[in-house]
Every structure is written in structure tokens, then in C-alpha cells.
Amino acid sequence: MLKPLHSFVSTQDIKYQLTRRATIMSLESYDRAKEVKRFDESKVGVKGLVDLGVTAIPRFFIHPPATLADLRPKSKTRPVSDVVPTIDLSGVDSDDLRPTIVEKIACASRELGFFQVVNHGIGVEVLERMVRAIKGFHEQPPEIKAPVYRRENTKGVSYISNIDLFHSKAASWRDTLQIRLGLTEPELEEVPEICRKEAVEWNHHVKQLGELLFGLLCEGLGLKTDRLKEKTFLEGRMMVGHYYPYCPQPDLTVGITSHTDPGPLTILLQDDKGGLQIKHGEEWVDVKPVPGALVINIGDILQIMSNDEYISVEHRVLANSSPEPRISIAVFFSPSERDSLYGPFPELISPEKPARFRQFTHTDYITRFFTKQLDGKTLVNYYRL
């Protein structure tokens, strides 16, 4: 019987075990469930496979032909990458400039579901520290990361490879550190020391920026500035620090498959490597990294609550073909009131535009999200009347 990878103490042993498994797999029928389980139990993640020198990705990372064909542009010229606007938040508290900023954000949220913001109040040095901290965590030896490798997040911190590993048709080439922001003092001890201070600092900044963006988005709908805040969407904040190492076969897999986010909005810090794409019409377009900018995208629940005024848009991340790893850090917002009813804001419903979605509890909503693979806009479609 083959032992789990994590039971081996040396790199040589792990390499031997992987080689032995590959030989056996070539002689036996392929058991995907068993191989996925073995990978998960190894706790080495995708980064561990790269460190072991793999030159071919395991079979369960290979995506279906339809997905792989879509990774290549339909024309020789990739669609223009500056379709996602960059909005300057300078003067957002000015009575003269705020209406223009609100209009730009509302327009981007209605037409694209994505925009970038600069002069958002978070210094470049803070962004750089956060990226370094997440990179530092992922590049630690496997035995240091293994204690926080877990699929349940009861302690507020977990390190995993592929949140939907056991639900997806194919795995994606990335590892992730999840941290529930706003942890209490005892819970903070669970956060790896290498990024603990930076996570606390990041939590402070993204909460402030989230409140500002919620207010601007509400004003863009003609609602009171605090309407989303009243629904407790500032209270639940989850940070994910993605690590995309070099992929030896980037044409056979992805970094993150096409999906939409469940929350009202996502704040994303990406490094300068690129790789993020959004669906724009029938084409996939790059979200070009802008120095000092943060990427903002509308999530499914805000499309529902805005009664289709704002849109959530499918996005994905390509597998990293560069020798240098790619880092991105996303913060997802969710309400603390899980059993309250959510649906279109009553102020946005009229005889001319009746409610397009039924009401639901957030508990039901988020349970549906985490029991399916990342794939398209299934939440929006499920709750649509």
C-alpha cells in the first residue's frame, strides 16, 4: 500500500514515491478520487510539486478540451486590456468631485462589473508589504505550512490547495492561505507569524476602503450611503492570499477557473505579473496591473440586491508560465446577519421594474456556493424569478 506523502521525511523519499505512483498509474486504471485524496493528504500543495521538480502536471489538474480551447484568443490579436477603467478616488469627500466619482463607479458596475481604483488611501508600501508577506508564507518549507493545512476554517486560518478540490472537474494550479479578518486576540495566534502583522494592518485598511466603496455604490443606485453597511456587509471579511507558482504545462490547466464571487464586492491586490482576465462580451480580456491600484469587482449578491442594476462578471486566472511566482490577495465581504432575508432592495422595485430575484437567507446562499465547483454564475441564476 502506498503511504501518504506527508508521512515521508525527506525530499528524496517523496520523489521516489511520486515516481513509483506514476509507474503504477501507467499500469493500472486511473482512480481520480484516490489521487486527489493522496495529493490533499500530502499537504505539500502545488508549490510542493514544483519544488519536487515535476515536469508534467498530475492528471487531475488537466482541464476539459472546451476549457483549454477557450484559453487561447479567437484572433491573433488579444483584445485590448485597458477595457477595465481606472478610477481616481482623489477628492472623494469633496462635494464637487464626489458626484463624478460616483457616476464613474456606477457606470463601470453596470457595464463591466469591474474597475480599478487609485489614490484609495492605502500607501504603496502597505501593498508591497502585504505581497511580500503572502509570498513569504507560501515559500516556507512544507513542514512549517502543514500544521495550518486544513479544509475547515473553524480557527479562522487555513492553508489549502483548491477550495473546490473535491467538487471540481479539474483542479487549478495554485495554493491559498485563508485568513478571516477581524480575528480576536487569541485567534490571531493561529495566523502564521510571517504574515500576522501585515494581515492586521491590511484588515484595518480594507475595512475603511470597503465602507467607502459601499457608500459610493449605494449612491450610484440612488440609495442612502449606509444602506449596504446597514445590512452588516462590512462585518464579515475573508482574505485569501493566492500563490501561483510556475506551471510546466500552462496550456493544460488554469490558475483559477471561470467564476463569479458570492459577496457584494471583492477588493483585489494583484502583483505586476498579470494573469487575471474578465469575460467581456464573447472575449476574455486581461486586467492589466496598474502600479498602486486595487481591482474591485461586483459579486453575485450585489447584482441580486441591485435588482440587476449592477452586474457580476465571470473572471478567471491563467496558469503561470513564468519562472517567477504570481501573488494576489483578495478580500471578500459578507454579512454577519446570516439568517436575515436578502433580496432586491425594496427601494429599487417598482411596477415598471418588479423584483427579479426571490429572497433567501445568507446561510442558504453561502452553503450553496461552497458545495459546488467554481463555475459560472450559478447563484444569480438559481435565485432568479
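Rules used throughout
Counting starts from 1 at the beginning of each chain's written sequence and moves along it residue by residue. Owing to the predicted nature of the model, reporting of local features is limited to residues with pLDDT of at least 70; listing and counting of side-chain atom pairs is limited to 80 or more, with chain, interface and lining totals taken over all residues. The side-chain numbers reported here are obtained from all heavy atoms of the structure, hydrogens and water having been left aside. Two aromatic rings, drawn from Phe, Tyr or Trp (for Trp, its six-membered ring), form a pair once their centres lie within 6.5 Å of each other, and the interplanar angle then sorts them: stacked below 30 degrees, edge-to-face above 60, tilted otherwise. Helix and strand assignments come from DSSP, with helices taken as H or I runs of at least 4 residues and strands as E runs of at least 2, each series counted from the N terminus. We call a residue buried when its accessible area falls under 20% of the maximum for its residue type, exposed when it is over 50%, and partly exposed in between, using a 1.4 Å probe and counting protein chains only. A pair of strands is labelled paired if DSSP reports no fewer than 2 bridges between them. Comment: axis = line fitted to C-alpha atoms, over the contacting stretch for helices; angle = value between 0 and 180 degrees taken between N-to-C directions.

Student: Now, about the packing of aromatic side chains: what can you tell me, with residues and values included?
Tutor: If you walk through the whole model with that rule in mind, you get twelve aromatic pairs. Seen in terms of ring centroids, Phe39 and Phe61 are 5.6 Å apart; in terms of plane orientation they differ by 85 degrees. Their pairing is edge-to-face. Of the two residues, Phe39 is situated in helix H2 (residues 32–42) and Phe61 in the loop between helix H3 (45–51) and helix H4 (65–70); the sequence distance between them amounts to 22 residues. Relative to Phe333, the ring of Phe214 has its centre 5.4 Å away and its plane inclined at 70 degrees; by these criteria the two rings are edge-to-face. Separated by 119 residues along the polypeptide, Phe214 in helix H9 (residues 193–220) and Phe333 in strand E12 (residues 326–334) bring together distant segments of the chain.

Student: Break down unusual backbone geometry for me, with residues and values.
Tutor: Positive phi outside glycine occurs at Lys43, with the angle close to 60 degrees. As for its placement among the helices and strands, Lys43 is situated in the loop between H2 and H3. Look at Lys43 and you get partly exposed, because its relative accessible area is 30%. With phi around 50 degrees, Asn119 is a residue other than glycine that occupies positive phi space. Turning to its location among the elements, Asn119 is positioned in the loop between strand E2 (114–118) and helix H6 (124–138).

Student: Which residues make up the sheet that holds strand E11 (residues 315–318), and what values go with them?
Tutor: In spatial order, the strands read E6-E11-E8-E9; together these four strands make up an open sheet with antiparallel pairing. Each edge of the sheet is formed by a strand with only one pairing partner; in this case those strands are strand E6 (254–259) and strand E9 (283–286). Across the sheet, the axes of successive neighbouring strands diverge by a mean angle of 30 degrees, strand direction being ignored. Looking at chain direction, strand E8 (residues 276–280) and E9 are connected through four bridges and run antiparallel. Within E9, the position partnered with Ile278 by the bridge is Val285.

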